[in-house]
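Coordinates in review
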Amino acid sequence: ANNQPGPMTLRVNRRRTTREDYLTRLGEAGLEATPCAHAADGLTLSTPCDVQALPGFAQGDVSVQDEAAQLSAELLAPALAARPGARVLDACCAPGGKAAHLLERYDLDLTGVDSDAERLARVENTLARLALPARLVHADATARDWWDGRPFDAILLDAPCSGTGVIRRHPDIKALRRPGDIRELAALQARLLDNLWALLAPGGTLLYATCSVMPAENREQIQAFVARTSDAELTTPEETGWGQPSGGGRQLLPREGGHDGFFYARLVKRR
């Protein structure tokens, strides 16, 4: 699957329209698409096109985002759907697709943090196009000098990773990655998990995500974190219809014509 071109998948902005209405608009524009099987806001185009050809793209009606990446909003629904104004942290938030999706779905007080100023500017542009409010901070999520001391109700950690689940979109990974990279990335992911866990309120939810298929970054990472963190409880759904059980999380492998490779693990901080 990683040797085949990935499909172009859209995320419909439910603050502006519905997936069914937007599917009709695509048909009127001569663009064929099918609803995603697992992402409630997702549509996959039969043939990729320039984003400017998408009806209402400039107005924020739709964005481009892989189906697997859209599942973060589904997994955080139990923590956010019934909590208007919840304080949410999107750590390592660039380029902003997941933050935007959360804001489209829920009424939140969202802070986005990223250590790359150039990529953080892309988040700002994305949120401006969608007319969504958030506080964006240029900072290192392994530190706390940017934090105001108030705990978050939910944290999304889309951790830096090897990208081995999205090789079809970034084929240079095959040439650039080295075996030692996995060890270094896993160490960084562990530092992020340990640092951010302290920022989570008791009873709060942390969703760990990577676009990797490597066990050291995924199931082994989460198993080690739970083993050293006494108040961490895994709550990843066991029956989802997507992915496969993997060390307390769910591993999605890239599929031809379907979603990218991804890993999710949802944890709750015991009170």
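Residues numbered from 1 in each chain as written. Predicted model: local features only at pLDDT ≥ 70, side-chain atom pairs only at ≥ 80, totals over all residues. Heavy atoms only, no water.

**Quick word on the overall build of the protein**
- Along the protein, the regular secondary structure elements total eight helices and 13 strands.
- In terms of C-alpha radius of gyration, the protein reaches 18 Å, essentially the compact-globule figure of 18 Å for 271 residues.
- With respect to the three principal axes, the spread of C-alpha positions in the protein is 55 × 40 × 40 Å.
- Sequence separation of at least 24 residues holds for 72% of the intrachain contacts in the protein that already meet a minimum separation of 6.
- Both charge centroids of the protein, one from 31 positive and one from 35 negative side chains, sit 3 Å from each other. (Helix = DSSP H or I, 4+ residues; strand = E, 2+ residues; numbered from the N terminus. Rg over C-alpha atoms; globule rule 2.2 N^0.38 Å. Contact = heavy atoms within 4.5 Å. Lys, Arg positive; Asp, Glu negative; His and termini not counted. Charge placed at Lys NZ, Arg CZ, Asp CG, Glu CD.)

**Considerations on the layout of surface pockets**
- Space inside the largest pocket adds up to approximately 1,400 Å³.
- Together, 48 residues line the largest pocket, and Ala-94, Pro-95, Lys-98, Arg-119 and Asp-158 are the ones closest to its centre.
- Sorting the residues of the lining of the largest pocket by element identifies β1 (9-12), β4 (62-64), α4 (97-105), β6 (108-114), α5 (117-130) and α7 (179-197) as the ones contributing at least two each.
- When residues of the lining of the largest pocket are assigned to their parent elements, the largest contribution, five residues, is made by α5.
- In terms of residue class, the lining of the largest pocket is made up of 21 nonpolar, 13 polar and 14 charged. (1 Å grid on protein atoms, 1.4 Å probe; cavity = no way out; pocket = protein on both sides within 12 Å on 5 of 7 lines; lining within 4 Å. Points joined across faces, edges and corners; volume = space filled by probe spheres on them. Nonpolar A, V, L, I, M, F, W, Y, C, P; charged D, E, K, R; others polar.)

**As for the nonpolar core**
- One finds Leu-80, Val-88, Leu-102, Leu-108, Phe-262 and Tyr-264 to be the most contacted residues of the largest nonpolar core, which totals 38 residues.
- Among the elements that take part in this core, helix α2 (residues 67-75) stands out by supplying five residues, more than any other.
- When near neighbours in sequence (up to four residues on either side) are disregarded, Leu-80 contacts Ala-86, Val-88, Leu-102, Tyr-106, Leu-108 and Ala-154.
- Counting residues in hydrophobic clusters, the runner-up holds 26 residues, among them Phe-152, Leu-157, Ala-159 and Leu-192. (Core = buried A, V, L, I, M, F, W, Y, C linked by side-chain atoms within 4.5 Å. Buried < 20%, exposed > 50% of the residue type's maximum accessible area, 1.4 Å probe, protein only.)

**Brief notes about the packing of aromatic side chains**
- This model, assessed by the stated rule, comprises four aromatic pairs.
- Relative to Tyr-264, the ring of Trp-242 has its centre 6.1 Å away and its plane inclined at 70°; by these criteria the two rings are edge-to-face. In this pair, Trp-242 is assigned in the loop between β10 (232-234) and β11 (244-246) and Tyr-264 in strand β13 (residues 262-269), connecting sequence segments 22 residues apart. Like Tyr-264, Trp-242 is buried.
- Taken together, the ring pairs in this structure connect Trp-242, Phe-262 and Tyr-264 into an aromatic cluster.
- Between the NZ or CZ atom of Arg-87 and the centre of the ring of Phe-152, over which it lies, the distance is 4.5 Å.
- The ring of Phe-57 carries the charged tip of Arg-129 above its face, separated from the ring centre by 4.0 Å. (Phe/Tyr/Trp six-rings, centres within 6.5 Å; stacked < 30°, edge-to-face > 60°. Lys NZ or Arg CZ within 6 Å of the ring centre and 35° of its normal.)

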